[in-house]
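Breakdown of the fold
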Amino acid sequence: MPQRYIFTPLFIPGVRVHADKAYCSQKHRDALKSRGIKNGIQDKAAKNGPLTRRKLQRNSLIAKARYVVERTFGSQVRWFNAKILRYHGLALAHAWHTLLAMAYNLKRLPGLFADHRIITQT
């Protein structure tokens, strides 16, 4: 019988989880609240009901935090064609993402060293 993996995300109570507008629902907000996790889901405008200025500012702050992660995923897609996961099972998927992160960091390494030399020389 094949071994099955159950995915259980590790969320620490009090930590904020950021997500885009696709996850904007009462169900998701309640799930976060029941686990003691802060809501970082962007607000979505209702039909014929634009967002208030405060909600637009909140969305902007969430987008700034999400950008740091999203640009990494975008670079992985561009550089390594990592748009589709080609493995079934949690163990293989985890190994693939680990190798992908290592390749991403190795590709960035020369630029990081060049930036460090420029900073130390000035």
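Provided above is the structure to which this section pertains.
The notes below deal with the structure included here. (Residues numbered from 1 in each chain as written. Predicted model: local features only at pLDDT ≥ 70, side-chain atom pairs only at ≥ 80, totals over all residues. Heavy atoms only, no water.)

Describing the pairing of strand S1 (residues 16–19)
Stated formally: Under the scheme applied here, a residue whose accessible area is under 20% of the maximum for its type counts as buried, over 50% as exposed, and between as partly exposed, the area being computed with a 1.4 Å probe on protein chains only. Secondary structure elements follow DSSP: runs of H or I no shorter than four residues count as helices, runs of E no shorter than two count as strands, and numbering proceeds from the N terminus. Here, any two strands with at least 2 DSSP bridges between them count as paired. We call a crossover right-handed when, viewed with the strands running away from us, the connection from the first strand over the helix to the second turns clockwise.
Residues of S1 alternate between two faces, with Val17 and Ala19 buried on one and Arg16 and His18 left unburied on the opposite face. As paired strands, S1 and strand S2 (residues 38–41) are joined by four bridges and run parallel to one another. Directly across from Ala19, in S2, lies its bridge partner Ile41. For the crossover from S1 across helix H1 (residues 26–34) to S2, the handedness is right-handed.

Let's talk about a nonpolar patch on the surface
The cut-off we apply is this: Every patch collects residues that have over 30% relative accessible area and no salt bridge, joining them within 9 Å if they carry like charges and within 5 Å if they are nonpolar side chains (Val, Leu, Ile, Met, Phe, Trp, Tyr). All accessible-area figures derive from a Shrake-Rupley calculation using a 1.4 Å probe, and residue coverage is judged against the displayed protein chains alone. By definition, a salt bridge exists where a carboxyl oxygen of Asp or Glu is found within 4 Å of a side-chain nitrogen of Lys or Arg.
On the surface, a nonpolar cluster with roughly 380 Å² of combined accessible area is contributed by Tyr67, Val68, Val69 and Phe73. Looking at the secondary structure, you find Phe73 in helix H2 (residues 53–80).

Observations regarding the nonpolar core
In summary, soluble globular proteins display a tendency toward joint burial of nonpolar side chains. We apply this condition: In plain words, nonpolar cores are sets of buried Ala, Val, Leu, Ile, Met, Phe, Trp, Tyr and Cys residues tied together by side-chain atoms within 4.5 Å. By the convention used here, residues are in contact when the closest approach between their heavy atoms is within 4.5 Å.
Val17, Ala19, Leu32, Ile37 and Ile41 together form the largest nonpolar core, which totals five residues. In this view, Ala19 contacts Gly40, Ile41, Gln42, Ile62 and Arg66; residues no more than four positions away in its chain are not counted.

Describing the layout of surface pockets
Which entries qualify depends on this criterion: Only protein atoms enter the 1 Å grid used here. Points where a 1.4 Å probe fits but cannot escape make up a cavity, open sets with protein on both sides within 12 Å along at least five of seven lines make up a pocket, and a residue lines them when an atom lies within 4 Å of a point. Grid points are joined across faces, edges and corners, and a volume is the space filled by probe spheres set on the points. Amino acid classes used here: Ala, Val, Leu, Ile, Met, Phe, Trp, Tyr, Cys and Pro are nonpolar; Asp, Glu, Lys and Arg are charged; the rest, including Gly, are polar.
Considered as a void within the structure, the largest pocket measures approximately 390 Å³ in volume. Along its surface, the largest pocket is lined by ten residues, and His18, Arg66, Val69, Glu70 and Phe73 are the ones closest to its centre. At five residues, H2 tops the list of elements feeding residues into the lining of the largest pocket. Of the residues belonging to the lining of the largest pocket, the class tally is six nonpolar, one polar and three charged.

Thoughts on the environment of Ser34
Residue placement: Ser34 occurs in helix H1. Given a relative accessible area of 60%, Ser34 falls into the exposed group. The sequence separation of Ser34 and Pro13 amounts to 21 residues, and the corresponding C-alpha distance is 9.7 Å.

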